[in-house]
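Here's the letter readout for the chains.
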Amino acid sequence: MSGHVRPKLLAVICLLAAAVIAFRAGAQPAPSPAGAETAPSCKTLSKASAGGASVVQAADESLQHKSWQAKGGEIQFTIRSFAVIPADASVVVCFRWKSKSESKTEFIEKLPSRLELSSDGKLLKVTTAVPGDLGPQPSDVATALPLVPLAEVRILAIDNKKKELAAEASTAIGITYPLAALLFAIATVGLGFAVLYIAVARRLTHPGILQANWLLRIISTPSGFASLSQFQIVLWTFVVAASAVYVMSLSGELIQITDGMLVLLGIAGLAGIGAKAHSEAQGATAEATAAKAAADKAAADIDAAQKAAEAAAPPSDPVAAARVAAENNVAAAQATAQGTIAVATKARAVALKNPPADQIPRWSDLIVNESVKDDGTRTREIDVARFQMLLFTLIAAGFVLMSVITTYVIPEISAGFQTLLGISNGVYMGSKIVQRS
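The model shown is predicted, which means the values in this text are computed figures rather than measured ones.

Moving on: the overall build of the protein chain. Looking only at helices and strands, the protein chain has nine helices and twelve strands in total. Here the protein chain holds 437 residues, and the buried ones make up 38% of them. Across the protein chain, every contact between residues at least 6 apart in sequence was considered, and the portion connecting residues at least 24 apart equals 72%. Summed over its atoms, the accessible surface of the protein chain is roughly 24300 Å², and 65% of this surface lies on carbon and sulfur atoms.

When the terminal C-alpha atoms of helix H2 (residues 178-203) are compared, their 37 Å separation across 26 residues agrees well with the 38 Å that a helix rising 1.5 Å per residue should span. Every buried residue belonging to H2 is among Ala 181, Ala 185, Val 189, Phe 193 and Val 200, and all of these are buried.

Moving on, we come to the pairing of strand S10 (residues 164-176). Across three bridges, the pairing between strand S2 (residues 68-70) and S10 is parallel. The residue of S10 that forms the bridge with Trp 68 is Gly 174. Inspection of the sheet shows strand S9 (residues 148-159) paired to S10 by ten bridges, in the antiparallel sense. Counted as the bridge partner of Glu 152 is Ala 172 from S10. In textbook terms, the turn of a hairpin is the stretch between consecutive antiparallel strands, and for S9 and S10 this stretch comprises four residues, one of which, Lys 163, has a positive phi near 55°.

A few words on the side chain of Arg 217. Mapped onto the fold, Arg 217 is located in helix H4 (residues 214-218). Buried Arg 217, no salt bridge; nearest opposite-charge side chain is Asp 365, N-O distance 13 Å.

In total, this model carries four salt bridges according to the counting rule given. The salt bridge partner of Arg 114 is Glu 116, with a shortest N-O separation of 3.4 Å. What makes Glu 116 partly exposed here is its relative accessible area of 32%. For Asp 383, the salt bridge goes to Arg 386, with nearest N and O atoms at 3.9 Å. The same class applies to Asp 383 and to Arg 386, which are both buried.

Rules of the game
Residues numbered from 1 in each chain as written. Predicted model: local features only at pLDDT ≥ 70, side-chain atom pairs only at ≥ 80, totals over all residues. Heavy atoms only, no water. Helix = DSSP H or I, 4+ residues; strand = E, 2+ residues; numbered from the N terminus. Buried < 20%, exposed > 50% of the residue type's maximum accessible area, 1.4 Å probe, protein only. Contact = heavy atoms within 4.5 Å. Areas by Shrake-Rupley, 256 points an atom, 1.4 Å probe, with all protein chains shown as cover. Expected span 1.5 Å × (residues − 1). Pairing = 2+ DSSP bridges. Lys, Arg positive; Asp, Glu negative; His and termini not counted. Salt bridge = Lys/Arg side-chain N within 4 Å of Asp/Glu carboxyl O.

Following this line, the structure appears as structure tokens:
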């Protein structure tokens, strides 16, 4: 019995051993056929060649050229190749920290978000986002500045048919931090406001303006009213300045201010110049009117004096005497009327030239219009043109800041929105021109 069991047990053990060997053999990758090559990847390192490709300094206006970028932000590389890149080539962008030592971190692959290949196949624009996680920084990471560690970038164009590199280029970019850039932009804006605050505190003497808060002092006119046009100039100046500092801190380059932003600055500047010119013209017109009224009064007084002298020695003819008396009365009435007009125009000119010293600027001045009547009294009313201009300006400024913070680029303002702001500023200027003051 035992003699039959031992051969069977030995056979089972052999079968189990054969199964284990077969399983292990199946788990191993099949050997590559002779001459076969694996497709290049980020982990495949190759030697530099004279006939390769290089990264050149070029970028679309929408992205603006960048040497640095924050994690998650888009960056564009322009690859100039000496060989033709196939139109169906696969493009992979590889990122890893740039270490000073030989110990390198692993590459992280990132697919492009946009590719543009020139007609001759030798110029390739690759747009991609910087990976949000590059792994822990090595202790010996290379840096451009103390707060800007460097990442090594490798761009591969892989020929899918030949399973080989069609083009390869390497470069390095700085990895920046949005929070640090935001703090730098806020510090810049704060410094600008500090300079204005010091200048206002030392140079302004208007009692009413000195009672207002520091921001209202900056946008106040010499008459003691908050100016909407000056508010718009200050707002766009600091919005553009903060945006430029923020983007430059992230990109490491002197970025290009978009045409739309320049147009908005120009619109604000023209509105401010127009408002100031209108105020100056009003004062000059009022003074000229007062001078003319004074001259007319003097002429009327002379005429009245002559008529009074003639009436003092009336002619013997009753008809002629009545005529002289009537002319004397008319001349006296005209002199009185001209005197009233001269007094009123003089009062209006004085009111425009010398506003109340106790006038305190208020935020409501931005949407309230003040006018001076013929007798020099002042009236105030809500101006919907001012409200429209203020509303559209705040919407545009908010959009620009939100876009800059989220996309890390200064946005291009659409032609339609530029026209909208131009119209609102034009309506504002038109309402100032047609009003009496």
